[in-house]
Structure formats: structure tokens, C-alpha cells
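# Descriptive structure summary
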Amino acid sequence: MNQHAKVDIRHSTCPHDCPSACALDIEVIDGRSIGRVRGSKVQTYTAGVVCAKVARYAERIHHPDRLLHPMRRTGPKGSGQFARISWDDALDEIAARFDQAEREFGAQSVWPYYYAGTMGLVMRDGINRLAHVKKYSRFYGTICATVARIGFAIGTGKIAGVDPREMGVSDLVVIWGTNPVNTQVNVMTHASRARKERGAKIAAIDIYNNDTMKQADIKILLRPGTDGAFACGVMNVLFREGYADRAYMDRYTDCPDELEAHLATRTPEWASAISGVPVEEIEAFARVVGQTKRSFFRLGYGFTRSRNGAAQMHAALCIPAVTGAWQYEGGGAFFNNASIWKFDESIIEGHDAIDRATRWLDQSQVGRILTGDAEALKGGPPVKAMLIQNTNPVTVAPEQALVRKGFAREDLFVAVHEQFMTETAVMADIVLPATMFMEHDDLYYGGGHGHISVGAKLIDPPGECRSNHEVLQGLGRRLNAVHAAFEMTPRELIDATLKKSGHGDIETLESDLWRDIQPDFRTSHYLDGFAHADKKFHFKADWANPPVGNPGLGPWAQMPSLPDHWTIIEEADEKHPFRLATSPSRSYLNTSFNETPGSQAREGAPTVMMHPEDAAALSIADGGAVTLGNTRGETTLTVKLFDGVRRGVLIAESIHPNKAHIGGRGINMLTGAEAIAPIGGAAFHDNKVWVKKAAPAI
């Protein structure tokens, strides 16, 4: 009775869709459960700090509502009526329905659908192997970082930048288009260190006075979709007042004289009229940047989730090339390190089985695809069967009216492999219980830093939960999908991938815990030239020939080649006088953590932030119910009066479940799925809407 539980400290990496990919120290209790989760002090980017929602991970992994057994739908679609079945029955039925769809409509009528519910390579990307071997429709992921990646790479030539730990030795950290207090807390760790130890300034550029901006020394409040205009106004001042480093540009950039001539008319007055930022603030920010050699631009995803997002990223990225900040420790820019990992996923994904003639379908256009849009279907057969892992499209995908209609089709078979009964799982025909990251082995990288790691299985899963890989193995056998990877364990896949990638073997990486592969200073700062063939940073973007992604999507031919404000955004008009952005909340991560008590308590019910003067003009009171709408749909939620936005701007921190909204229609009823030029993406922060008072919920 007095015996104490045995607590071991084990190590892992946070798998969630966050650039921090935090290194974790985890209390494992009696080998069966977990206790506290802390950020590791050994890994120098995490530096002992982890977000509150992951610190409370025991709430999630031991949650009483976890799915524990396979289930078959017994009532109408969306009724939530299911009955428990065996794993064999579940996998047999999925395989039979996939085979039926293939016989009747061809292999491409089956669409395996996934995303970043886990960032582990084995459990996230293995589903592509099933698609490739079976010649099912391929998947093009566009919801998250597509636009930001091309906007960065079009300038530098690849997706890599300055070691993000150099924020700690910077004299000015510019946090632009990201709210790291909510979404990647470690950015603030290093920026705050620079302020404490060096007297550095923190500048935040965003569309509302969020928790990061509240901690900043310099605050730039923009209208949504106008970052490119602001960047041009800043560069105009840099050239005009002699802060442009002409020697650096002559050596490292493609067309500085042409850029200067182009920017001559992009004055602070011009930029102010578009962005809403006062002229004096544009000029003051430019002078601080120009006078501070060690200026570190930490560029985020948020300001690229507009129809002009790629152009906005490129415009912002041009600023440190104009000042020559890349030359200095603590200077330059960083967005993501995707180009440094060089993981060869050919075994995990079954690259040897790819048929390039097989269509790929755009993740963001799932609503159009499931409702039979011929263009979205690439002229091919309808989608008749799906396996969904690691994502919740019935809540997170754009054009929710179409998404709901599509998933309600009686002729569509859907199997969902999940940890909780999400709104997508409710629409499924078969629901399968999934493991969490501490219950399986996987391989991880940090998009926001330079570490790779193995996350080992720490405890057994509850009930009958199986990993993504186990599900794919079971389906592979039943579907006669022959590939060596289906016969391998996750550890064997990790080991083979590491060896093919030149990273050694699994045992060596495990002994390193979190291996730092950040390139050296000269490489990270492009001191021997940028990654384009001409070794130059490109002020002039060649959008027709991007270094990453599938080109030719959206109105790419209209894109400005030099930094500019591209007017393609969804501007407010007489019928839709407001601009809405759906920014990330602090305690949810997309729809992960929607179910944990700590996150629910902090986030409360869905709200929309509205300037008090806008609310007064519509006789809307704080806490009142309002309906937001546009041509795509409507949603109803409550108002939070907030003077930290420009007039005419609305912010709905999300993503709450649809059912949490008054009337059950979520915020993505309002977002569009048009492909963003030049390689696709979704414009979650680029919506025009109307607002009207609504009757309160009964």
C-alpha cells in the first residue's frame, strides 16, 4: 500500500504540426502511463521550454474518450451511431469496398487522404505507399505551408535559412506573420534572451494585437493581405535614406538597380494607404532595420495564407537582402529548414511504384472533389472510397458547405483512423482506433530548427489501438499491395530511411537523442552564394519555374516578378464590408487538443474579435451573437470587442469544432478553396464577409 510508483524519465519529440518539434522529457510511470511532460534542456532549440498544451499531454493520451475499438456505422451518415466490430472485420470491409470501387470506377476512384496530425515520417507518409502501389489517386497537400515555402525559396533558391538559435544573438528580431506565443513558443525563448542579454528589440508585424505583439517593443498592425505593400514601403526608405548595402547587393543579388527603380513609386505614403500603417511607423521601422546590422527576420506561415501569400513572403524576404543582414551573426532570415533534412523517403512512400500518369488531387479542394467538380477531379472518375489518417477535413478544410455535402454522400465509403471521434470520424462508415506518438516508433525532424530524432515507443496503447503502419500492413495484405515496406517494422523503416539518407543507423541516432544537423555559418548565411544556379538572391521572382512544388496553379501568370502589393486578395466590398482571418488559437493546434479539458477551459466558446467602433455602428454589444456570411456560407458565434485590429478587420481564433458554433456551422464555412498561385494552397486568412446580429443560442 505504501509502495511508490516507479517513474522513469524517457525522451521523445513532439509530433504535432508545429515548427518547434520540441524535444521532450517524459515521465513514464510504472511503464504503463505518463505523467509530466517537459521541454528538454539538452536540445538547444527547445532549451527546456514546451507549450502548455503539450505539458498537459497526460490529459490527451489518457483521455476517457479515446477511441479503443474498431466500429461500423449502424445509423444514417453523421448520426454517430456505431457498433463495435473486430479488426479483421473492419479491414476486410475496407479492402472489399476499395476493391469494389476499383472494379466499377477504376483505381483512381480510391483516394487515401492524410495530413500532419503527426509529423513522424513513418506514420504520416506511409499512406502514400498504399496509393502508389495500388495506383490510387495521389494526394497533394496544400492546407499548410505550400505558399510560404515557394515564397521563400523563390528568393533564396531553397527552403533553409539562418540558424534560428541566432535570434538569441540578434540586435533586432522581426517576428512577421506568426504568433509564436500561440504557435511556437521557442521563438520567444530565443528572442527574449536577445532582449535580456543584448538589449535587442523585438518587432512584431501582424494583423491584430495578439499575444506576441503584446510582448514586442515595436508593433506594426496591418490590414490582412497587405504585407507586401508594407515591405515595399520599408525598402523604399532603405534605398532613399542610404541604408541599402549596395556592395552586398552587387555581389549577392540579381538586380538591385532594377529593384530600386521599381520601388521609387512604392513610397511610405503609397504603402500606408494600402496597409493602414501610418507613414511615420513605416519610416521608423525602416530606419531601425537599416541601422541594425544584426536584424533577424523570423517569417511565419500566417501572412502567406492569402491569395497573394507567396508574393508577400518574397517581398518580406527581400528586406534583409537589401540591408545585407545575411552577412552577420544574428542577421538574415528564417522560415523553415525543409531543405536540410535530405530524408530519402523512397521506401516509406514506395517511390519505386509511382505512376506519374496517376492524377493527384488537391487536399484543400476536398469539398469540390467529393461533390463531383470535374476540374477538381482532373477530368477523372468520382472519388468513391477514402482512407483518412492524421487529419479532420470535416472541420478544417475550406468550403465546408461542399465538404459536408460531399461526406454525406451515401455512395461514398469512408474509413477514418483516429484517436478521438472527430467530426470527420462521425461521418465515416468504418472508424479505427489509432495510437498516439508515445505508443509507436517514428522518425522526426524540426521544421523550425536543425534537429532530427527517433521517437521511440514508451508505453503500450490502450484497448485495441493500432498504429498507422499496422493499418497499412493489414490493408496491404488484403489488397494484394506488394511492397517490401509493408513487411517491415517501423524501426526497420526508420533504420533503412536513415541509411539511404546518409544519416547512419537508428541506434546511432537514438544515442544522439536529438542530432543537430544545422549547416555551418557560411552555408546558413549563403556567404558562398544563394541556392539558385547563378548563386544570387533573386529580387526578380521566376514564378513559372519555382524551385519547389507543382507549378502552374492559380493565376500564376499575373504574379508580380518584383516585390509589390498584388491586388488579387478578396477585398471588402459594399455587400461584404469586413475582412476575416482565422488565426491560430493558443490551446488548440488545428483540431488537435480540441478534446482536452485544459485547452477547452482556456479557449471557451468560439468568438470573433471586432473593433468597438465597427460594433457600435451595427449596434452589436460585447458578447452578442452575430452571423458572418459570404457567398460560401454562414457561421454564428459571439463577438469580443477588441481595439487591437484595424477598422473593418475581424479575427476568429480557431479551429473550434463546427458543433461548438451556434447552429453547428464552423468558421471554415467562409473560407475558399481556390488554388493560390503558383503551386497551390488555401487562403484561410483572406475572406470578405458581412456581419449581422443573430438571435442568441437557446
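Residues numbered from 1 in each chain as written. Predicted model: local features only at pLDDT ≥ 70, side-chain atom pairs only at ≥ 80, totals over all residues. Heavy atoms only, no water.

### As for the layout of surface pockets
Threshold: Each cavity reported here is a set of points on a 1 Å grid over the protein atoms alone in which a 1.4 Å probe fits but cannot get out, each pocket an open set with protein on both sides within 12 Å along at least five of seven lines, and each lining residue one with an atom within 4 Å of a point. Grid points are joined across faces, edges and corners, and a volume is the space filled by probe spheres set on the points. Side-chain classes are defined by residue name, with Ala, Val, Leu, Ile, Met, Phe, Trp, Tyr, Cys and Pro counting as nonpolar, Asp, Glu, Lys and Arg as charged, and the others, Gly among them, as polar.
One number sums up the size of the second largest pocket: a volume of about 300 Å³. Along the wall of the second largest pocket there are 16 residues; nearest its centre are Arg602, Glu603, Met609, Lys640 and Glu653. Taken together, the residues of the lining of the second largest pocket sort by class into four nonpolar, five polar and seven charged.

### Here's the deal with the sheet that holds strand β8 (residues 172-176)
Applied cut-off: Two strands pair if DSSP finds at least two bridges between them. Runs of H or I in DSSP of at least four residues are treated as helices and runs of E of at least two as strands, each being numbered from the N terminus. Interaxial angle, 0 to 180 degrees, is taken between N-to-C directions of lines fitted to C-alpha atoms, where a helix line uses only the stretch in contact. Whether two residues touch is decided by their heavy atoms; if any such pair falls within 4.5 Å, the residues are in contact.
As summarised here, the arrangement of the five strands in space is β10-β9-β8-β11-β12, forming an open sheet in which the pairing is parallel. Only two strands of the sheet have a single neighbouring strand rather than two, namely β10 (218-221) and β12 (332-334). Shown here is a sheet whose adjacent strand axes are inclined to one another by a mean of 15°, direction ignored. In this structure, β8 lies alongside strand β9 (residues 201-206), joined through five bridges in parallel fashion. Of the residues in β9, the one forming a bridge with isoleucine 175 is alanine 204. Against the sheet, helix α8 (residues 227-240) contacts β8, β9 and β10, and its axis sits at roughly 150° relative to β8. Sheet contacts for helix α13 (residues 309-323): β8, β11 (295-299) and β12; angle to β11, the most-contacted strand, approximately 165°.

### Examining the environment of alanine 148
With respect to the helices and strands, alanine 148 occurs in helix α5 (residues 146-156). Residues contacting alanine 148, with those up to four places away along its chain left out, are Tyr301, Thr304, Met313 and Phe335.

### Focus on the packing of aromatic side chains
Note the following rule: Think of it this way: a Phe, Tyr or Trp ring, Trp meaning its six-membered ring, pairs with another when their centres are within 6.5 Å, and the plane angle makes it stacked under 30 degrees, edge-to-face over 60, tilted otherwise. Summary of the burial criterion: residues with accessible area below 20% of their type's maximum are buried, those above 50% are exposed, and those between are partly exposed, where the area comes from a 1.4 Å probe applied to protein chains only.
According to the stated counting rule, one finds 21 aromatic pairs in the structure shown. With 6.4 Å between their ring centres and 85° between their planes, phenylalanine 98 and phenylalanine 413 make a pair best called edge-to-face. With phenylalanine 98 in helix α3 (residues 87-105) and phenylalanine 413 in strand β15 (residues 413-418), the pair connects residues that are 315 residues apart, well separated along the chain. Comparing phenylalanine 98 with phenylalanine 413 shows no difference in burial state: the two are buried.

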